[in-house]
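Residues per chain are reported as follows:
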Amino acid sequence: MLPLGAVLLLAGCASMPSSGEVRKVGDTQRADADAQVRVGAIPPSKGENPSEIVSGFMEATTSSEADFTTAKKYLAKDAHWDPSAKITVFSGQPRSREVGGTSKEGYASVTLTATKAAVVDTKHAYQPDSGPFSTSFHLTRENNQWRIDELPAGLVLSDSDFQRIYHSANMYYFARLGPDAHGTDGPVRTLVADPVYLRNQTDPLVSTVSTLLDGPTDWLSQVVDTDNPAGARLYEKAADHGVTLDDSQQLRVRLNRAADGLGGERCTGLAAQLFATVQAQASARLASVDVEHADGSTACSLPGDQAQQYGPENLVGTSLAGPYYIEAAAPHRLLELSAGDTSPTPKAVPVPGPFGGSKAELSAVAIRRDGQVAAGVRSDGRDLVVDSVVDGGSFGKAVVTSDVKDGLSAPSWDGFGDLWVADRDPGASRLLVLRGGTGTPIQVPMPDLDGRVLSLRVASDGVRIALVVEQDGVKRLEIGRIVRSGTSREPAFSVTGLRKLSPAGESVTSVSWAGASRLVVLDTEPGGVQQIEYINTDGSAASALQGVSEAASVAASENQKLPLLASYAGRVYELPADANWRQVSPQGTFPVYPG
């Protein structure tokens, strides 16, 4: 059985007071999926009334039984129920109402009403969905006992039961890159995380691989591909269901006859998907992945060191540079912190070139992922400049200009060296991309947008974008798909499928990618309470750093080993793993990591 690693749900509590030091005040972790408490199911008792039967059935569906054997004992012989259809998650306590229920009538109906929190579809995709919820169960007398003969498909679970029974897992598929799939050194491929929710009580290795082979969720399928052949699934006739992981950490996946023709680069691509997906949940380092045909012959083998080339961190080179921020005092230069500085008060130094010079006058900045080039918004917020951060003299001509003061958002680089920025001009707001960070800006259509983009962060994979959108004075967090098309000479981009990630009433002011499928945001809850919060890209909540107030921005790296950054009252702080917040010097604002 695959040993599942712990899922970090709470990165710690933090406080940024108006005086005194910034400190971390708490830290908890969610237990391993393997260590979940096993809950037994209780079968129906004689003489139970219709409401008690429905209540017992609901309780039985939350047990540790993977096949729902006990829950089915509450059903009539001819009842049809598909527990895998979907999951409706509700918050709070449900209310029930019973109609009928006498022996003379011979039938009864029990209606449950609650407040819906989310829906998980048949592809295991989580989708926040708040609002009133109602469902009904019809019961009949069978052998003089009440049994359910008509009921909704799927499961209906409280949010607490859902979090106990299911865990989030990333499936990995290849980004659909359009013209950027053909780099100067040959084809470019990168994997994209697709978060789903899997049941804890099933075999974690088999369920993980099976879900990957079933293909991406509906939302992400528009911008990713899989190298799994159509119809190829696990070889279920084998005692191990087609999946083994031996003591040497060699993963073997045996497929059915639909994969008999699989081989070559496509097989290697599927092996890379399997490696990334299983490794993301494994506590030990995988050594290799073998993909096998139905007859047991090897289709391909991928060593672990070769699987790393498909990670998004390799698109533009892995930057070893530390975090950056803008110095608070004039001339508002770009400063760089040394990576791995463990001193009590880390000290930053100006970068080479114009960004660290005496005429920098920066208000926002983004560093390309190789750490060689930066894009900066000048202090009046009208001009975007691009230049080296390793050498050079003075800034060249602006690559984008807004007609209004503070019109330009902070820029963001994707993993292909494409530069993204929003012009927030109320009269002509637009999203722009510069391919390679140069040339004529390309306007990006956003057909699903309601409101105006205030800020953005593009994922390194280049097919997902996080946006802070303002509408009617409310600043909400949304995520969209980047569709890349056209040709290398005439590339085309669009952002589609926008989904709201922040709950109603919250106002988001800053966002950063903090992992393969996780964002960190600075938001203000109803009532004015500000916090730094982690949110998964499917909209499910991850964790929060409580007690943060008056912070201006937050930044994280997709490499979760690097510390969280925040700016507060003209100072920059970092939160290393298992340590307290510490102030860096000199004073500054707008901390960022490359990207």
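The rules behind each value
- Residues numbered from 1 in each chain as written.
- Predicted model: local features only at pLDDT ≥ 70, side-chain atom pairs only at ≥ 80, totals over all residues.
- Heavy atoms only, no water.
- Helix = DSSP H or I, 4+ residues; strand = E, 2+ residues; numbered from the N terminus.
- Buried < 20%, exposed > 50% of the residue type's maximum accessible area, 1.4 Å probe, protein only.
- Areas by Shrake-Rupley, 256 points an atom, 1.4 Å probe, with all protein chains shown as cover.
- Lys, Arg positive; Asp, Glu negative; His and termini not counted.
- Charge placed at Lys NZ, Arg CZ, Asp CG, Glu CD.
- Contact = heavy atoms within 4.5 Å.
- Disulfide = S-S within 2.5 Å.
- Phe/Tyr/Trp six-rings, centres within 6.5 Å; stacked < 30°, edge-to-face > 60°.
- Lys NZ or Arg CZ within 6 Å of the ring centre and 35° of its normal.
- Core = buried A, V, L, I, M, F, W, Y, C linked by side-chain atoms within 4.5 Å.
- Salt bridge = Lys/Arg side-chain N within 4 Å of Asp/Glu carboxyl O.
- Pairing = 2+ DSSP bridges.
- Expected span 1.5 Å × (residues − 1).

(A) The overall build of the protein chain, seen in detail. What the protein chain contains, in helices and strands, is six helices and 40 strands. In terms of its C-alpha atoms, the protein chain occupies a principal-axis envelope of roughly 90 × 60 × 45 Å. For the protein chain, buried positions account for 52% of its 595 residues. When the accessible area of the protein chain is evaluated, it comes to approximately 25000 Å², of which 48% is carbon and sulfur surface. Positive and negative side-chain charges in the protein chain, numbering 53 and 70 respectively, have mean positions lying 2 Å apart.

(B) Inspection of helix α1 (residues 50–60) at higher detail. Where α1 is concerned, the buried positions are Pro-50, Ile-53, Val-54, Gly-56, Phe-57, Met-58 and Ala-60. Where α1 is buried, its residues contact α2 (69–72), β3 (87–100), β4 (107–120), β5 (126–142), β6 (145–150) and β7 (155–158).

(C) Main features of the state of the cysteines. Scanning the model with the defined rule gives one disulfide in all. The disulfide partner of Cys-267 is Cys-300, and the gap between their sulfur atoms is 2.1 Å. As the torsion about the S-S bond is roughly -80°, the Cys-267-Cys-300 disulfide counts as left-handed. On the criterion of sequence distance, the pair formed by Cys-267 in helix α5 (residues 264–279) and Cys-300 in strand β16 (residues 298–303) is long-range, its members being 33 residues apart. The buried category is assigned to Cys-267, whose relative accessible area is 0%. The exposure class of Cys-300 is buried, given its relative accessible area of 10%.

(D) Region of the structure containing the packing of aromatic side chains. Taken as a whole and assessed by the stated rule, the structure comprises 11 aromatic pairs. Ring geometry for Phe-57 against Phe-137: centres 6.2 Å apart, planes inclined by 65°, an arrangement best described as edge-to-face. Taken together, the residues span a long stretch of sequence, with Phe-57 in helix α1 and Phe-137 in strand β5 at a distance of 80 residues. A relative accessible area of 3% places Phe-57 in the buried class. Since its relative accessible area comes to 2%, Phe-137 is described here as buried. Here the guanidinium or amino end of Arg-141 rests over the ring plane of Trp-146, the centre of that ring lying 5.0 Å away.

(E) Geometry of the nonpolar core. Residues Val-209, Leu-251, Leu-255, Leu-274, Val-291 and Leu-477 are the most contacted members of the largest nonpolar core, which totals 62 residues. A total of eight residues in this core trace back to one element, the largest contributor, which is α5. Once you skip the residues sitting within four places of it in the chain, Leu-255 turns out to touch Leu-213, Asn-228, Arg-233, Leu-234, Tyr-235, Leu-262, Leu-270, Val-291, Glu-292, His-293 and Ala-294. Residues Val-89, Leu-155, Leu-157 and Ile-165 belong to the second largest nonpolar core, which totals 34 residues.

(F) Looking closely at the pattern of salt bridges. A complete count under the given rule lists 19 salt bridges for this structure. Here Asp-418 ties to Arg-484 by a salt bridge, and the two come within 2.6 Å at their closest N and O atoms. Residue Asp-418 is located in the loop between β24 (412–413) and β25 (419–423), and its partner Arg-484 is located in strand β30 (residues 474–486); the two are separated by 66 residues in the primary sequence. Given a relative accessible area of 6%, Arg-484 falls into the buried group. The partner of Glu-574 in a salt bridge is Arg-582, with the nearest N and O atoms 2.7 Å apart. Judged by its relative accessible area of 17%, Arg-582 is buried. Three or more residues are tied together by salt bridges with common partners; here these are Asp-180, Asp-414, Asp-418, Arg-435 and Arg-484.

(G) Local environment of the pairing of strand β26 (residues 430–434). Burial analysis of β26 places four of its five residues in the buried class, the great majority of the element. When β25 meets β26, the two strands line up antiparallel, connected through five bridges. In the strand pairing of β26, Leu-419 is matched with Leu-434. Remark: six residues form the turn of the hairpin made by β25 and β26, two consecutive strands paired antiparallel. As judged from the two bridges shared by β26 and strand β27 (residues 442–443), these two strands associate in the antiparallel manner. Looking at β27, one finds that Val-433 is bridged to Ile-442.

(H) Focus on unusual backbone geometry. In this structure, Pro-331 follows Ala-330 across a cis peptide bond, with omega equal to 10°. Here Pro-331 is to be found in the loop between β17 (324–327) and β18 (334–336). In this structure, the amide linkage connecting Ser-585 to the following residue, Pro-586, adopts the cis form with an omega of -5°. Relative to the helices and strands, Pro-586 is located in the loop between β39 (582–583) and β40 (588–592). Not every positive phi belongs to a glycine, and Asn-144 is a case in point at roughly 65°. Positive phi, normally seen in glycine, also occurs at Ala-569, with a value near 50°. Among the structural elements, Ala-569 can be located in the loop between β37 (564–568) and β38 (571–575).

(I) Examining α5 more closely. Taking 1.5 Å per residue, 16 residues should reach 22 Å; α5 reaches 22 Å between its end C-alpha atoms and fits that length. Counted residue by residue, α5 has 12 buried out of 16 residues, so it is predominantly covered. Turning to α5, its buried residues are Cys-267, Gly-269, Leu-270, Ala-271, Ala-272, Gln-273, Leu-274, Phe-275, Ala-276, Thr-277, Val-278 and Gln-279.

(J) Up close: the environment of Lys-46. By secondary structure assignment, the location of Lys-46 is in the loop between β2 (23–28) and α1. Exposure remark for Lys-46: the relative accessible area of 79% places this residue in the exposed category.

(K) Layout of the sheet that holds β37. In spatial order, the strands read β36-β37-β38-β39; together these four strands make up an open sheet with antiparallel pairing. Of all strands in the sheet, those with a lone pairing partner are β36 (551–555) and β39, marking the two edges. Pairing of β36 with β37, which is carried by four bridges, proceeds in the antiparallel orientation. Note on β37: the bridge partner recorded for Ser-553 is Ser-567.

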